[in-house]
Every structure is written in C-alpha cells, then in structure tokens.
Amino acid sequence: MKTIFTLYMMVTIAFAQWPTSPDSAIHVGFGRQKQVVEDGQGGVYIGSGSYCTRLNHEGEKVFDQLPLDGDYPQKSVNSVALSTDGSLIVSYSNIIFIGSNETGEAHILVQKISPNGVKLWGEGVVVTPDNTTGTYDQGVHGVSSKVIADDSGGAYVAWTDWRNDLPGVSELYIQRLNASGEIMLDSLGVFIDDRIKAFRELVGTSNHLPVLFYARLNTSFVTKVYFQRLTSTGELHWDDQAPQIIGGGYGFSIDAFDNIFFAHDDRIFKHDLDFQPIWPDTGVVISDSSEFIWGMIPDENGGAIGQYQKDTESNRVYSQWVESDGSLKFDEHVLYVSNSEIEYITSNISDSESFIVTYQDWDNYRTQRIDSEGNSLWTDDNLLFNYTHYTSHWQQSISDTEGGIICVLDYNYAIYATQMGPAGNVGSITSIVEPKHIPLTHIPISAYPNPFNPSTTIEYELPEHSVVSLVIFDVAGREVTTLVYSQQTPGSYKVGWNGTNTVGQQVAGGIYFARLKAEEFSNTAKLVYLK
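Source: prediction; values computed, not measured.

Caption draft 1: Molecular detail of the packing of aromatic side chains. Scanning all chains against the criterion turns up 19 aromatic pairs. Relative to Phe355, the ring of Trp321 has its centre 5.7 Å away and its plane inclined at 80°; by these criteria the two rings are edge-to-face. Here Trp321 is found in strand β26 (residues 313–322), whereas its partner Phe355 is found in strand β29 (residues 354–360), with 34 residues between them in sequence. Residue classification places Trp321 among the buried residues on the basis of a relative accessible area of 1%. Between Phe452 and Tyr529, the ring centres sit 5.0 Å apart and the planes meet at 15°, which makes this aromatic pair stacked. Placement of Phe452 in the loop between β36 (445–448) and β37 (456–462) and of Tyr529 in strand β42 (residues 521–529) is noted, with a sequence separation of 77 residues between them. A relative accessible area of 2% means that Phe452 is categorised as buried. One aromatic cluster in this structure is built from Phe213, Phe227, Trp238, Phe252, Phe262, Phe269 and Phe275. Against the face of Phe199 rests Lys146, its NZ or CZ located 5.7 Å from the ring centre.

Caption draft 2: Focus on the nonpolar core. Judged by nonpolar contacts, the single largest core of 23 residues is most densely connected at Ile458, Tyr460, Leu470, Ile472, Trp497, Tyr512 and Leu527. The set of elements that each furnish at least two residues to this core consists of β36, β37, β38 (466–474), β39 (479–488), β40 (491–497), β41 (510–518) and β42. If near-sequence neighbours (up to four positions away) are discounted, Leu470 is found in contact with Ile445, Ile458, Tyr460, Thr482, Leu483, Val484, Val495, Ala514, Arg515 and Leu516.

Caption draft 3: Molecular detail of the pairing of strand β7 (residues 61–67). Pairing between strand β6 (residues 51–55) and β7: four bridges, direction antiparallel. By the bridge assignment, Cys52 is partnered in β7 with Leu66.

Caption draft 4: Up close: the side chain of Asp371. Its place among the elements puts Asp371 in strand β30 (residues 364–371). Within the structure, the side chain of Asp371 is placed 2.8 Å from the backbone nitrogen of Asn375, a separation counted as a polar contact. With residues up to four places along the chain from it excluded, the contact list for Asp371 reads Trp321, Phe330, Glu353, Ser354 and Leu377.

Caption draft 5: Here's a closer look at the environment of Ser50. Within the secondary structure, Ser50 is located in the loop between β5 (44–48) and β6. Along the backbone, Ser50 and Gly70 are 20 residues apart, and their C-alpha atoms lie at a distance of 9.7 Å. Apart from the residues lying within four places of it in its own chain, the contact partners of Ser50 are Leu66, Pro67, Leu68 and Lys75.

Caption draft 6: Region of interest: the side chain of Arg176. Among the secondary structure elements, Arg176 is positioned in strand β15 (residues 170–177). On the basis of relative accessible area, Arg176 is assigned to the buried category, the value being 19%. Here Asp150 takes part through its side chain, which lies 3.2 Å from a polar atom of the side chain of Arg176. At a separation of 3.5 Å, a polar atom in the side chain of Arg176 contacts the side chain of Tyr156. Those residues within four positions of Arg176 in sequence are excluded, and the remaining contacts are Asp150, Asp151, Ser152, Ala155, Tyr156, Glu182, Ile183, Met184, Leu185 and Ser232.

The rules behind these values
- Residues numbered from 1 in each chain as written.
- Predicted model: local features only at pLDDT ≥ 70, side-chain atom pairs only at ≥ 80, totals over all residues.
- Heavy atoms only, no water.
- Phe/Tyr/Trp six-rings, centres within 6.5 Å; stacked < 30°, edge-to-face > 60°.
- Helix = DSSP H or I, 4+ residues; strand = E, 2+ residues; numbered from the N terminus.
- Buried < 20%, exposed > 50% of the residue type's maximum accessible area, 1.4 Å probe, protein only.
- Lys NZ or Arg CZ within 6 Å of the ring centre and 35° of its normal.
- Core = buried A, V, L, I, M, F, W, Y, C linked by side-chain atoms within 4.5 Å.
- Contact = heavy atoms within 4.5 Å.
- Pairing = 2+ DSSP bridges.
- Polar contact = N/O pair within 3.5 Å; in protein donor to acceptor, adjacent residues only side chain to side chain.

This is the structure in structure tokens:
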C-alpha cells in the first residue's frame, strides 16, 4: 500500500560542520593549480594534478582523490565543468617528458565522473591526435585545455597543441563529446585559429554553445586578443576573421542574457554575441584613478561588478557596480583597507542584491559581502584563511547555493577548503528541519514499500520544469547516495533505492531520509530499512 508522507514530527538532521576557525581548513589532498566547480547541491568538485575530489555541502568527502587515467605518467587537470546531469566533466593533459624544456608527446583527455565518483567514460576520451607535442615550459605542461558542458550531458573541449611544430606558437582546436563520451565533430578537432600565444577562456551561452577568447600573433607579429564562437552544427560563426578585442582584455565571461563581458585597464566592456557593443565601444570607466581592475563578473540583471586599486594606494581595495545601462551605481566604495600591501583580489560571486569578493594581504585571505547600496554586510574581521607568510597565491571561491561561499586554495603543494556562511561566519552549520503536520503540496513524495527490504520505490510529482535532486541521508545528516540530479519536465517520477551507498555497499538497517529539491521547493520522506 502506498503511503503519502506529510512528515509527522519535527526532526532536525544536524550535518557535519566545516572548520569554524580561519586557522584550520579541510585537507583535500596534494597538488597545485587546482580547478573547482559547484556540484549543483551546495558542494564542490575539485580537480588537481591527476586526481578529482568532491566535497558535499557539509564538507564531507563524497569521493576522495579519484585518480585519472592515461598512457603517460604525468597528468595535470586543466579544467572542470558541471554537466547538466550533475556529473563532473574534467579535461586534463597526459604527458611524457624527459626533462625541463624537452619536447615530448602529449595528449588531452576528457573524463566524466558521476556525483558518486564513478568514471563514466572508461579510461578517459583522448581528443588530440597521436602526433601532438609540447614543451614543458609552455602552457600547462605543453598543452592547455578548457571544457564546458553541452546541453545534453556531453561536453565541448578546446585546446592548444603543437602538431604542426611552429616555434613559439600553437594552434587552437575544439571537439564535442556526447553523453556517452563519443566524439561528435572531426576526429582531429575543429580548427579555430593558428599562431596562438595564449588560450584565455572558454565559456558557454545560455543554450550551451561554446565561446572562445584567445591571444594570437597577427600578420605584423603583434599579439592581439580575438573572440570566436561555434554554431549548433559545429561550424565557426566567423569563418574568415574573428573579431578583435580592444586591448589585451581579461575577465572574460557571459551572463544569462548572452551578454559578453570583459575588462581592460580601468574599464569594463559589454557586447552581444555578434560582438556588437552594448555599452560605449570604448567601455565604461569605473574609476578615473584606478591602476587596473583586479576582478570582474556579471550580475544577474545585465550589469557587472568590478574591484580595483588606485595607483598610489596599494593597501586599499575599491569596488564598483555597473548597471545594465552602463551607469555607475556607487560614487566610490572602499571595500577593504589592509595594514599591508594587497597581494591580489579575485573570485567574485554575485546575485541581484549583493556580491562577494575575496582578497589577500600578506598573511590572510579575507572576504566581504556588499549590498546594492555599497554597505558591507559582514564584519571587518572576516578571515577565511590565516596562514603566516602564505607561499601560494591561487585560490578559488564558489557559491554554496545558500548565500555563502566555499573557498579552495593550495598551500605548500597541498589543497585546502573552507566555507563561509551567509552571515559571514566561517564553517556555518546547516540542517534540515522537517515541518510538523504541514502537508507539502508543491512536491508530493511517497515511498513504497516502507519499511522495506531489500528495496523501495520513491515516487514524486513535479509541478514545473526544474533541476531536481533526490539524495538519501542517514540520521546523522551524512549523504549516503544521490539518486537523481538532472533537469526534469513536469510529471510523475519513480526512483528505486536498494539500500546501497555511493560505492554500491549495503548500508546498515535503520532510519534514512530521502530529500527531494527542485528549485525553491523541497520535501523529505522518512524511510525505514529493515535488515
């Protein structure tokens, strides 16, 4: 008999806590030049060296240091992306070298990893031809790649290689893989351009088509930055000469409205997908006295936010919010004043009402949330990490989907992670609170049989098109396994659970919770597993 759960009692599931002091952090593993991306459930995927790790929203390792495959001994993660089905997509280089500055064979591989840590594309898909070469001191160990998700569980990967052996420059190619990891375009990759000096960025449009930014030598041997994009049929949008970007350009990004943003010197530019300027073609100057813009991201309304320093004030960080029409929101806003020189500013995260920025002085990493009026919402002593004489200066922050951030950094060839909650507190505790005697009409959920052995079927009704996650937790709030993470259309769904965890092991008998989330709606069903 099918039982509809309306949740009969108040139950609080307390989750594991992130470190609550900036003097400590979760040790993720060893390596440098990490790549991070949101896991779609408030946690983070991390790729570094030849391994990948996932931390869930509570800071627990779902899978730990999962090794990547390849024929050659040296592997290096280049880029990571979140698939539309919630899996991790990672591109990495696989190289054999004799020594520094030696030329050797190199390949780019792409792997897809499920939320539970299962490698879905065998031992990785090789996208480069056999004669691809590189040198140790150029790019990321000789070859460089970036990856984004497509709209159907596959991926686009773009890379530079030296297959034609031109001294000092490379060529840029792109490939598409379907959800099964099969190559969809020309087996050698689609040629983008030659004389490449740097592959700057690969981003996706609202319908997951790739947009590339790269620096190349023009016919006068001057380095310029160009913009190119791929059509839905895998062809170049500009088949003769790609548009050239003003100045060097950096901070390339695209918003939900397919506006292209980038920064140069003291100004921010906004173009459409045909690379026609929306703001003045000379850009919007965010400060007449700024040295340069450190960080820039779009907001959720067609505008952009930038952080900058002034020529004579190396210990001060300023911020500016550019509205969608190109007007400036702040007169001038001092974000932070340090007792020492600011090393760098990075990792902005924004919504429609506020933004978060992370910055480093000599010893510490700090973060701050600023609202649309320019007010600082977190305390002045908002430390993320406190490491005296910090020896590495590369950290990345992502949203935890609840108003806070997860920050990952490398320190002495090790990777660490910490979290700051929506109130500005390091290592905030999250919990699921099930409402008492309140029927959840938005997403009805049931399970039958219940109690169960050996398996149960979870059934739910989805009222609208949503990204849906269905996750099993134990009574301690630990994630047991993810049953669903995908885009789903309105309708009825049935999902089975056979009492196993993420690695296929049978769990102990007892009480478990199936948490269903779809956009702003959620529901939780209590399950009893008999053994």
